[in-house]
Amino acid sequence: MFGLMEADFLDDVRRMNKRQLYYQVLNFGMIVSSALMIWKGLMVVTGSESPIVVVLSGSMEPAFHRGDLLFLTNHREEPIRVGEIVVFKVEGRDIPIVHRVLKVHEKEDGTVRFLTKGDNNSRKKDVVGRARGFVPYVGIVTILMNDYPKFKYAILACLGLFVLLHRE
Amino acid sequence: MDKWKADDKPVKIDKWDGSAIKNALDDAAKKVMTDNFGFKEEHRLMDLRLLICTVAVGFSLFALVWDYIRPFPESRPILIICVLSYFMLMGVLTLYTTYMEQNIFLVAADKDKAGLEPDDKWELASTLKKYTHLYKLKMTFTNGKTGLCRSEEIERPVNNYFDEEGTLLFKLFEPEVRTLQGRIAAASKKE
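These numbers were taken from a predicted model, which means no experiment stands behind them. (Residues numbered from 1 in each chain as written. Chains lettered and ligands numbered in written order. Predicted model: local features only at pLDDT ≥ 70, side-chain atom pairs only at ≥ 80, totals over all residues. Heavy atoms only, no water.)

**Concerning the interface of chain A and chain B**
Selection rule: Contacts are assigned to residue pairs that have any heavy atoms within 4.5 Å of one another. Buried area is understood as the total, over both parts, of accessible area removed when two parts are fitted together, assessed with a 1.4 Å probe. Any carboxyl oxygen of Asp or Glu that lies within 4 Å of a side-chain nitrogen of Lys or Arg is treated as forming a salt bridge with it. In the analysis that follows, any N or O atom pair within 3.5 Å is treated as a polar contact, provided that within protein one partner can donate a hydrogen and the other can accept it, and provided that, for residues neighboring in sequence, both atoms belong to side chains. By the criteria applied, helices consist of DSSP H or I runs no shorter than four residues and strands consist of E runs no shorter than two, each listed in order from the N terminus. Each residue is assigned to one of three groups, with Ala, Val, Leu, Ile, Met, Phe, Trp, Tyr, Cys and Pro labelled nonpolar, Asp, Glu, Lys and Arg labelled charged, and all others, Gly among them, labelled polar.
Contacts between chain A and chain B engage 32 residues on the former and 37 residues on the latter. When the two sides are added together, the surface that chain A and chain B hide from each other amounts to roughly 3,300 Å², 61% of it contributed by carbon and sulfur. Connecting chain A to chain B are two salt bridges. Where chain A meets chain B, there are ten residue pairs in polar contact (both at pLDDT 80 or more). A total of 16 residues in the side of chain A that touches chain B trace back to one element, the largest contributor, which is helix α3 (residues 18–46) of chain A. Partitioning the side of chain A that touches chain B into residue classes produces 13 nonpolar, eight polar and eleven charged.

In structure tokens:
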């Protein structure tokens, strides 16, 4: 503990008063909040609970490759039609699936079911959104992060510490 | 907790880090005003900034929690309110720091001994532009009774106050602040 007290890199923090310390924490909070609020804002605008997804499998090649970013919208007033690419969740799997719609069954009571490539019969409420645009390969970072979780936590911890300890 | 404080340790910084240099000099100037002259620091300017930030972070935390309790399509109206409020507050914060706070890092009151008249105010503001070595310190005095302001500034190369290793030479910096204060005090007495 005494060694920690003597460490030079903590001097900045040790010299701060209560207000400055609190501001450091707030500053960190605002960086996280800004990212979060941009994400929530996108959710509101697109109507999709996850407006940007990364393609994790190669099942949609050659249209999308592993690591492509997809932008989704999920507006109620625009029904999904055959030929569109949808992203949907399946119970028991954490990762959403990207597939093209082959058939749409609309019943009179309002329920809609989709047949997608891959033979997954999915219900309307499982649909996260439809693909509206994509950026190739940017999401490869996400795949790397997912494959090496320790690497991800190391980077996050370093960035967090830097923001907290470095004064303005 | 007393051990945690580093007040007695000489201030040593990375001399190539502009903001560290500015912070070190600001702290030193603040110390001269509060410790040597005994002026009392007032925190209102910073407290308001802290309040704005706290409310902003509060909105985002609330959005996070609400979206967790009531998953997305249901939480939409609350999310809209939170997102709009957050970005509005960020705008307010930018306006506040550029127009109200500017570069002021200390507001201190010279308490009237008898306690009858309003306190005199001392304000310190500083700038250290990127890629220059000139530290500009502006001191403003406001007479509590008459409301008259008087300000003066000095501009000095920062290398005057740090040694090779980046240790702050407080003994060299202190007289600069003292003379600046003395000049303003003398001039405003004449009025």
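**Concerning the packing of α3 of chain A against helix α3 (residues 72–101) of chain B**
Stated precisely, the cut-off is as follows: For helices, the fitted axis covers only the stretch in contact; all axes are lines through C-alpha atoms, and the angles between them, taken along N-to-C directions, range from 0 to 180 degrees. Roughly parallel covers angles under 35 degrees, roughly antiparallel covers those over 145, roughly perpendicular covers 65 to 115, and oblique covers all other angles. Working rule for handedness: look at the near helix, and if it is turned counterclockwise from the far one by less than a right angle, call the crossing left-handed; if clockwise, right-handed.
Orientation of α3 of chain A relative to α3 of chain B, taken along the N-to-C sense of each, is 135°, at an axis distance of 9 Å. Classified by the angle their axes make, α3 of chain A and α3 of chain B are oblique. Between α3 of chain A and α3 of chain B lies a crossing whose hand is left-handed. On α3 of chain B, the residues touching Met-30, Ser-33, Ser-34, Met-37, Ile-38, Lys-40, Gly-41, Met-43 and Val-44 of chain A of α3 of chain A are Phe-72, Arg-76, Leu-79, Ile-80, Cys-82, Val-83, Tyr-86, Phe-87, Met-90 and Leu-93 of chain B. Of the residues assigned to the contact of α3 of chain A with α3 of chain B, the class counts are 14 nonpolar, three polar and two charged.

**Some points on the side chain of Thr-73 of chain A**
Along the polypeptide, Thr-73 of chain A turns up in strand β2 (residues 69–73). Each residue touching Thr-73 of chain A, except ones within four places of it in the same chain, is listed here: Thr-46, Ser-48, Gly-129, Arg-130 and Arg-132 of chain A.

**Regarding helix α4 (residues 170–190) of chain B**
All names here are of chain B. Put simply, the rule reads: Here the expected length of a helix is defined as 1.5 Å per residue gap, with one fewer gap than residues. Under the scheme applied here, a residue whose accessible area is under 20% of the maximum for its type counts as buried, over 50% as exposed, and between as partly exposed, the area being computed with a 1.4 Å probe on protein chains only.
Look at α4: 31 Å from first C-alpha to last across 21 residues, which is about the 30 Å you get at 1.5 Å a residue. Along α4, the residues that are buried comprise Phe-173, Glu-174, Glu-176, Val-177, Leu-180, Gln-181, Ile-184, Ala-185, Ala-187 and Ser-188. The inward-facing, buried residues of α4 contact α1 (18–36), β3 (120–128), β4 (134–142) and β5 (149–157).

**As for the environment of Arg-44 of chain B**
Mapped onto the fold, Arg-44 of chain B is located in helix α2 (residues 44–69). Look at Arg-44 of chain B and you get exposed, because its relative accessible area is 67%.

**Remarks on the UniProt feature "transmembrane region" (unreviewed entry) in chain B**
Residues and elements named next belong to chain B. Which entries qualify depends on this criterion: UniProt positions are given in the numbering used here, feature names are shortened, and annotations may be inferred rather than shown by experiment.
Per the UniProt entry, the sites bearing "transmembrane region" (unreviewed entry) are residues 48–66 and 78–96 in this numbering. Helix makes up 100% of residues 48–66 and strand 0%, whereas the separation of the span's terminal C-alpha atoms amounts to 27 Å. Along residues 78–96, the helical share is 100% and the strand share 0%, with 26 Å between the first and last C-alpha atoms.

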